[in-house]
Amino acid sequence: MRLLISLVECGKIEDYIRSRSFRILRASKEFLLSSIGGLYISFWCPEKDYIFDVDPEDLAKELMLDSIDVLVIVAYRPFLIMDSLQSVIDRLSRWYGRSFSVKLIGVNAWDLEAGLEEAVGSAMAFRPFKISEGGDWDERCPNCLKGPLKVYISERLFSAKYRGRTNHIILGCPLCGLRIRRIELLD
């Protein structure tokens, strides 16, 4: 069983991110920092499937945990690494009083295309207010009923998960903070 992710698969991540109109800010062998608007999403392809033997502060600095919004971990056992990384984040909070507001998302490398699509959609729905100012939408907020929803991103693309053309829409209410991720099947 293969546990380490190859450099070819990490290259596929960069190609996918570029196709989704993200800016690549930093790229290395196992780390990719991208942004769309003011939302910073990084992708990490760790060389090993454990991170127990690292200095917590060095890892936080390497992964830029204090300056990103979402960290997508791409591996063959991503949830094991996510648990270990959450433990490192908890130790940094307890020992050094540092807190990070980063969302961790795992993508299994066996299903890379569909996993990346889902991860990027979840990342954009995490903090849509950082993507853009938002455009008007016809519907009122179903949560607070006070104001109209705003559309922060709407993009048409071929979905590996749904095996057809889709329209990914991220909506939000600036008054109450409600966030909605809507996927419309076009085919």
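Residues numbered from 1 in each chain as written. Predicted model: local features only at pLDDT ≥ 70, side-chain atom pairs only at ≥ 80, totals over all residues. Heavy atoms only, no water.

1. Comments concerning helix H3 (residues 78-96)
Here is step 1 of the chain: In a regular helix each residue adds 1.5 Å, so 19 residues correspond to 27 Å; H3 covers 26 Å between its end C-alpha atoms and thus fits that length.
Here is step 2 of the chain: Buried residues along H3 sit against strand S3 (39-44), helix H2 (56-62), strand S4 (70-75) and strand S5 (103-108). (Helix = DSSP H or I, 4+ residues; strand = E, 2+ residues; numbered from the N terminus. Expected span 1.5 Å × (residues − 1). Contact = heavy atoms within 4.5 Å.)

2. Notes on the sheet that holds strand S8 (residues 164-172)
Here is step 1 of the chain: Pairing in this open sheet of 4 strands is antiparallel, and the strands run S6-S7-S8-S9 from one edge to the other. Lying at the two open borders of the sheet, with one neighbouring strand each, are strand S6 (135-140) and strand S9 (179-185). Going across the sheet, the axis of each strand differs from the next one's by a mean of 40 degrees, ignoring polarity.
Here is step 2 of the chain: Of the pairings in the sheet, the one linking strand S7 (residues 148-159) to S8 comprises 9 bridges and is antiparallel in character. Looking across to S8, one finds that Ser159 is bridged to Gly164. (Pairing = 2+ DSSP bridges. Axes fitted to C-alpha atoms, helices over the stretch in contact; angles between N-to-C directions.)

3. Observations regarding the sheet that holds strand S1 (residues 23-27)
Here is step 1 of the chain: Spatially, the 5 strands line up as an open sheet ordered S1-S2-S3-S4-S5, and their pairing is mixed. In this open sheet, the two strands that pair with only one neighbour each are S1 and S5. Across this sheet, the average inter-strand angle for adjacent strands is 20 degrees, counted without regard to direction.
Here is step 2 of the chain: Two strands pair when backbone bridges link them, and S1 and strand S2 (residues 31-36) are joined in this way by 4 bridges, in the antiparallel orientation. Note on S2: the bridge partner recorded for Ile24 is Ser34.
Here is step 3 of the chain: Contacting S3, S4 and S5, helix H4 (residues 112-126) crosses the sheet at an angle of about 165 degrees to S5.

4. Brief notes about the packing of aromatic side chains
Here is step 1 of the chain: Under the counting rule described, the total for this entry stands at 3 aromatic pairs.
Here is step 2 of the chain: Measuring from ring centre to ring centre gives 6.4 Å for Trp95 and Tyr96, while their planes differ by 75 degrees; the resulting arrangement is edge-to-face.
Here is step 3 of the chain: With a relative accessible area of 44%, Tyr96 lands in the partly exposed category. (Phe/Tyr/Trp six-rings, centres within 6.5 Å; stacked < 30°, edge-to-face > 60°. Buried < 20%, exposed > 50% of the residue type's maximum accessible area, 1.4 Å probe, protein only.)

5. A few points about the pairing of S9
Here is step 1 of the chain: In the sheet, S8 pairs with S9 via 7 bridges, with the strands oriented antiparallel. Following the sheet pairing, Asn167 is matched in S9 by Glu184.
Here is step 2 of the chain: A loop of 6 residues connects S8 with S9, the two strands running antiparallel in sequence, and Gly177 in this loop sits at a positive phi of about 85 degrees.

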